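A look at the structure
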Amino acid sequence: MSRYFRELSVAGALIVVLLGLAVFAPAFYQPQPLLSLLTREAPTLIVACGMALVIISRQIDISVGSQFSVIGVCAGLLAAKGWPLGFVLLAAVGIGALLGAVNGVLVAGLGLPSIVVTLATLVTLRQGLNLVRQGEFVNLPDGLQWFGLSQSGGQWTLLIAALVILGLLGWGLRHVAAGRFVYAVGSDTEAARLAGIRPQLCTFLVFVFLGALTGLAAMMNLVQSPQVQPLSGSGLELKVIAAVVVGGVAISGGRGSLWGVFAGLLLLACIAPALIHLRIEAYWEKAIQGAIILLAVVADGVRSRRGGAKS
Amino acid sequence: MKRDWKALLLRHETILLLVLIAEWVFFYYAGTSTNRRGVVVGFGTLDRQFDILRHSCEIGLLALALTPVIITAGIDLSVASLLGLCAILFGKFWHDAGLPIPVAIALTLVLGGLAGALNGTLITKLRLPPLIVTLGTYSLFRGLAEAITRGAVTYTDFPAGFLFLGQERWLGLPTQAWIFFAAAIAIWLLVHRTTFGRSFRAIGYSPEGARYAGLPVERRVALVYVLAGVIAAVAAIIYTARLGQAKADAGLGYELFAITAVVLGGTSIFGGAGSVHGTLLGVAAIAVLKNGLATLPVVMRMNAAEEMAGLLTGALLLVALTSSVIPKLLARWHTRPHVTVSPTLKPKSTA
């Protein structure tokens with residue numbers, strides 16, 4: 001119980017919000033809008049899984065939003081050239097892994113702080129994309145949206161795919177040696193090194209993995225609309241980090257689970273519709289997001305101080 | 001004596017100064033032209049130089065605010081968002097509450113300090129990492145600015161006396177440059193000429209060591225963030241005066257330019273070392289780059305000065321960061337790990 005206190009408290013908050021919506025705004029539970037909401041959040045969930053790994057290994061990556069935009073536009077251009085979907089998917093994941101590797105080399109290889117490195121790549125990628133594309137949309141060929149299925153068929157496919165990936169990663173992080181390495185490096189790098197893990201390699205691979213997942217997420221976003229927006233990923237990093245931190249992953253590394261991240265993401269995803277249903281203006285969304293991040297880290301800080309005082 | 005010369009030449013600030021001069025000379029030749037009526041336009045005119053100074057004041061102030069923060073091994077991502085929030089608050093105090101300009105300015109500065117105190121308290125009292133705290137307030141401050149204005153309201157029609165601050169010249173220089181210079185001198189004195197400022201470096205180098213040396217580490221660190229908040233508020237006032245309007249997206253993305261200027265200026269991102277004059281050179285290097293690019297014919301034809309400047313600044317930050325760790329990497333390369341015999345374990349000389 002106490003071990004999963006943080007995850008359970010997020011799940012509790014989520015249930016309270018869902019019950020509140022059921023009482024005050026039952027319109028929230030219409031199946032089709034709800035399915036659309038969940039599908040829209042599916043790419044965010046995939047990026048959040050990767051981000052959780054990065055934060056567990058005591059790093060951070062704020063360039064995912066720019067990566068997401070760049071990969072989306074690249075994949076869109078390839079698809080418009082007539083590449084089949086499978087190859088586009090591979091290319092997207094490959095480009096993502098490459099962009100992640102750039103961050104990984106700078107952080108793990110040169111020992112630079114990840115926040116500044118990814119701040120630099122965030123802006124370089126975003127402005128590079130603006131420079132090359134000048135804000136142009138990419139029109140996608142016809143058969144691509146929803147994989148050529150019906151809308152609800154495509155939505156279910158995406159949703160199930162996202163949940164399967166979440167399940168595999170959540171299980172693997174607990175029960176596969178590579179997953180345990182991430183926790184080991186995040187909680188004590190030196191001890192991990194003495195235990196025979198190569199922390200630098202582990203950090204590098206975690207960044208590459210996040211990049212690859214971002215590529216996958218960009219594809220999941222791409223098939224949802226007939227066009228690719230050049231700014232599709234702007235602000236994604238905050239949403240993702242908020243979900244990860246709210247979900248109980250310690251920003252100081254070494255602690256957290258993907259189940260918590262899932263609950264955190266659902267909680268945050270409910271806020272925007274809840275604001276609309278409760279007739280609060282949508283302009284508050286960003287401020288509330290910031291407040292929730294602060295609240296989550298403050299709660300963690302208070303808890304760890306109390307825990308530290310006791311022992 | 002000879003070694004002193006070499007050390008001075010290889011100092012980070014000296015190299016940066018040479019880069020700045022090279023940059024300036026390049027833009028002077030590539031960015032200046034004569035238009036159809038025979039008037040010299042572009043980078044080489046005095047007006048343009050004043051323009052560069054005018055436009056670099058806000059980012060310069062933010063960089064000055066960040067220098068002590070980064071020296072104490074912290075980071076503040078929220079300064080530019082706070083600039084936006086303070087601009088909106090100032091507009092609201094003057095326009096909606098009907099307060100006179102000086103009172104509105106004073107209130108804005110106080111609120112800026114309080115916002116900085118929020119960062120500082122969370123970081124020191126709860127021992128939270130500055131990165132995630134200021135990432136949260138980055139979102140919170142900008143979000144509040146958007147919520148207050150509902151994403152649409154901008155405050156305009158400021159009186160001429162206030163706009164003088166941002167759009168006119170006083171004693172030959174753009175008015176706000178005097179404020180910037182005053183802040184620069186004050187912070188230089190604080191960081192380099194007081195024991196108070198020296199403690200920033202001690203804290204950044206080793207917070208534990210500083211605590212054992214009897215320094216009130218928490219109080220000093222919190223104060224650095226309060227200072228950053230006040231300076232961000234000053235930058236907000238100047239920004240509003242320059243544009244003549246206060247809006248929620250004021251200073252969007254400035255944190256990158258400010259952090260880049262500080263790191264480029266030789267302040268270690270790991271804390272413990274850095275200089276205010278280095279930061280000023282970094283600000284100048286970025287400002288000249290940003291404005292110089294806009295005068296190049298190639299860039300003007302592409303109409304992409306903003307994007308080019310952002311791209312180059314990001315790349316510049318990466319290069320500066322990489323070059324800052326190269327000596328450390330080289331040192332690690334050259335010193336093979338070998339067993340050293342500690343003096344106490346040495347066998348006693350058989351005498």
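What counts as what
- Residues numbered from 1 in each chain as written.
- Chains lettered and ligands numbered in written order.
- Predicted model: local features only at pLDDT ≥ 70, side-chain atom pairs only at ≥ 80, totals over all residues.
- Helix = DSSP H or I, 4+ residues; strand = E, 2+ residues; numbered from the N terminus.
- Buried ≥ 20, exposed ≤ 12 C-beta atoms within 10 Å, placed from the backbone.
- Contact = placed C-beta atoms within 7 Å.
- Expected span 1.5 Å × (residues − 1).
- Nonpolar A, V, L, I, M, F, W, Y, C, P; charged D, E, K, R; others polar.
- Core = buried A, V, L, I, M, F, W, Y, C linked by C-beta atoms within 7 Å.
- Axes fitted to C-alpha atoms, helices over the stretch in contact; angles between N-to-C directions.
- pLDDT = per-residue confidence, 0-100.

A short note on the overall build of chain A
Scanning chain A from terminus to terminus reveals twelve helices and two strands. Element order for chain A, N to C, with α for helix and β for strand: α-α-α-α-α-β-α-α-α-α-β-α-α-α. Taking all 311 residues of chain A together, 49% fall into the buried category. Of the contacts formed within chain A by residues at least 6 apart in sequence, a portion of 80% connects residues at least 24 apart.

As for the overall build of chain B
On a plain count of helices and strands, chain B comes out with 15 helices and four strands. The proportion of buried residues among the 351 residues of chain B is 49%. Considering only intrachain contacts with a sequence separation of at least 6, the fraction spanning at least 24 residues in chain B is 74%.

Some thoughts on helix α4 (residues 85-109) of chain A
Between its terminal C-alpha atoms α4(A) stretches 34 Å, which fits the 36 Å expected from 25 residues at 1.5 Å a residue. Phi turns positive one or two residues past the end of α4(A), at Gly111(A), with a value near 70°.

Considering the interface of chain A and chain B
At the interface, 36 residues of chain A touch 39 residues of chain B. If you list the elements that add at least two residues to the side of chain A that touches chain B, you get α5 (114-133), α10 (236-246) and α12 (285-310) of chain A. At twelve residues, α12(A) tops the list of elements feeding residues into the side of chain A that touches chain B. Classifying every residue of the side of chain A that touches chain B by side-chain character gives 24 nonpolar, nine polar and three charged.

What about the nonpolar core?
Residue and element names in this part refer to chain B. Core analysis: the largest hydrophobic core is formed by 209 residues, its most contacted members being Leu 62, Leu 83 and Ala 232. Here the element with the most residues in this core is helix α11 (residues 217-243); it accounts for 18 residues. Apart from the residues within four sequence positions on either side, Ala 232 is in contact with Leu 62, Ala 65, Val 79, Leu 82, Leu 83, Cys 86 and Gly 112.

Considerations on the packing of helix α8 (residues 175-193) of chain B against helix α13 (residues 276-295) of chain B
Residue and element names in this part refer to chain B. Between α8 and α13, whose axes approach to 9 Å, the crossing angle comes to 145°. Note on element contacts: α13 touches α8 through Val 276, His 277 and Leu 280, opposite Ala 184, Ile 187, Trp 188, Val 191 and His 192. Counted by class, the contact of α8 with α13 contains six nonpolar, two polar and no charged residues.

Considering the confidence of the model for chain B
Low pLDDT marks stretches whose predicted atomic positions should not be read closely. Taken as a whole, chain B shows an average pLDDT of 86; of its residues, 92% reach a score of 70 or greater. Long-range and interchain partners of residues 338-351 of chain B, a stretch whose pLDDT sits below 50, account for one contact in this model, where long-range means more than four residues apart.

Observations regarding the environment of Ile70(B)
Residues and elements named next belong to chain B. In this fold, Ile 70 is placed in helix α3 (residues 46-71). Here the alpha-carbon distance between Ile 70 and Thr 149, two residues 79 residues apart in the chain, equals 32 Å. Those residues in contact with Ile 70 that sit more than four places away from it in its chain are Ile 75, Val 262, Thr 267, Ile 269, Gly 271 and Gly 274.

Some words on the environment of Pro273(A)
All names here are of chain A. Relative to the assigned elements, Pro 273 resides in helix α11 (residues 258-277). Judged by the 16 C-beta atoms lying within 10 Å of it, Pro 273 is partly exposed. With 216 residues separating them along the chain, Pro 273 and Ser 57 place their C-alpha atoms 33 Å apart. Look past the residues within four positions of Pro 273 in its chain and what remains in contact with it is Phe 28 and Leu 37.

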